[in-house]
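Residue-level structural notes
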Amino acid sequence: STKDLTNINYKNDKDYAILTFDDGLMDHYEISSILLDRGITGTFLIPARPVRDRVVMNSHKIQFILSVSDEKLLVKKIFKYLNRTTLEEKRLWDKFSVSKWKNNWWSIEMVFITNLLRNHENGKEITNKLFKELVTNDEKGFCEDFYLKESQVKDMVNNGMEVGGHGYLSESLTSLNQEEDISKCLNYVKKFYNDDLIFSYPNGSYNKETLELMKKYRCKFSYTTVQETITKNTNYLEIPRFDGPQSLPL
């Protein structure tokens, strides 16, 4: 478990691992049962807004929009929403169609769509329109089948699982009012988990201000997306971790 980090003997304990799960997905309830049967503690990092308020995370909306759409037609639809000139469209394409990942296997359209919807000033507005049009108009109903329920989170904690925060909005903290997002999230987590506070930075985004806020709100452990092995020199507010098998993020 995460709190066992302080007890690892890095000289003698050769095999150690912490299982962490972000996003507060419904599937995690079943996973927690599997771990319980094997006597393993998992660390489940939940986004407050989706679990409490039943609002779909922006990144998940984008994933589902892509899953039900023809990518080339979706690009045209986005340009239609933006209502830009051909020259402006080319500039947007050049800006948002570049992946930061060297081994990216996504199509150029997937890269463009995801980057634009995440980072353009009108990205959230367009994402909400597309989600309602292409996926569902019943966002709360969607959440009931996709995200953990509060009763399930309580059950997981009662069965010995660790629960921490993954932001209130679960968006890159450095682009938000960090203190508002972090405080809302950690105060919500305390509703379920009264042990050492745990957090994971959404999209791996954090800076010096984030670390100071973690200390201010008495968060003891925070996970990054840096893929390295934990060592005796690891800062507990900058814990590295490796991805499980999944598609690469942008």
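Heads up: the structure comes first, above all this text.
Now for a quick tour of the structure. Residue positions are given per chain, counting from 1 as you read along its sequence in written order. With the structure being a predicted model, the display of local features is reserved for residues of pLDDT at least 70 and the display and counting of side-chain atom pairs for 80 or more, all residues being used for whole-chain, interface and lining totals. Side-chain metrics in this entry use all non-hydrogen atoms of the structure; hydrogen atoms and water are not considered.

**Regarding the overall build of the chain**
What counts is decided by this rule: Numbering goes from the N terminus for both helices and strands, where a helix is a DSSP run of H or I of at least four residues and a strand is a run of E of at least two. Radius of gyration here uses only the C-alpha atoms, and the compact-globule reference equals 2.2 Å multiplied by the residue count raised to the power 0.38. Here, residues are in contact when the closest pair of their heavy atoms is within 4.5 Å. Working definition of accessibility: Shrake-Rupley area with a 1.4 Å probe, residue cover restricted to the visible protein chains. In this tally, Lys and Arg are treated as positive and Asp and Glu as negative; His is ignored, and so are the chain termini. A single reference atom marks each charge: NZ on Lys, CZ on Arg, CG on Asp, CD on Glu.
Counting its regular elements, the chain contains 11 helices and 5 strands. Taken over C-alpha atoms, the radius of gyration comes to 19 Å for the chain, in line with the 18 Å a tight globule of 250 residues would show. Over its C-alpha atoms, taken along the principal directions, the chain stretches across nearly 60 × 40 × 35 Å. A sequence separation of at least 24 residues applies to 67% of the contacts in the chain between residues at least 6 apart. When the accessible surface of the chain is totalled, it reaches about 13,600 Å², and 47% of it is carbon and sulfur. With 35 positive and 36 negative side-chain charges, the chain shows a separation of 4 Å between the mean positions of the two kinds.

**Points about the pairing of strand β2 (residues 43–46)**
Here is the rule: The buried label goes to any residue with under 20% of its type's maximum accessible area, the exposed label to any with over 50%, and the partly exposed label to all in between, with areas taken from a 1.4 Å probe on protein chains only. For two strands to count as paired, DSSP must find a minimum of two bridges between them. The handedness of a crossover follows from its direction of travel: if, with the strands pointing away from the viewer, the path from the first strand over the helix to the second runs clockwise, the crossover is right-handed.
Neither face of β2 is exposed, since Thr43 and Leu45 on one face and Phe44 and Ile46 on the opposite face are all buried. By the bridge criterion, 3 bridges tie strand β1 (residues 20–22) to β2 in an arrangement that is parallel. Opposite phenylalanine 21, over in β2, you have phenylalanine 44 as the bridge partner. Taken together, β1, helix α1 (residues 27–37) and β2 constitute a β-α-β crossover, and its handedness is right-handed. Where β2 lies against strand β3 (residues 162–165), 4 bridges are found, and the strand directions are parallel. Residue pairing across strands places isoleucine 46 opposite glycine 165, the latter belonging to β3.

**Considerations on the pattern of salt bridges**
Close approach of charged atoms lets side chains of opposite charge pair. How we decide: Salt bridge, as used here: a side-chain nitrogen of Lys or Arg that lies within 4 Å of a carboxyl oxygen of Asp or Glu.
The tally for this structure, following the rule as stated, stands at 16 salt bridges. Between aspartate 195 and lysine 3 there is a salt bridge whose closest N-O contact spans 3.1 Å. Taken together, the positions of aspartate 195 in the loop between α10 (178–189) and β4 (197–200) and lysine 3 in the segment before β1 put the pair 192 residues apart, joining distant regions of the chain. For the salt bridge of arginine 241 with aspartate 22, the shortest nitrogen-to-oxygen distance reads 2.8 Å.

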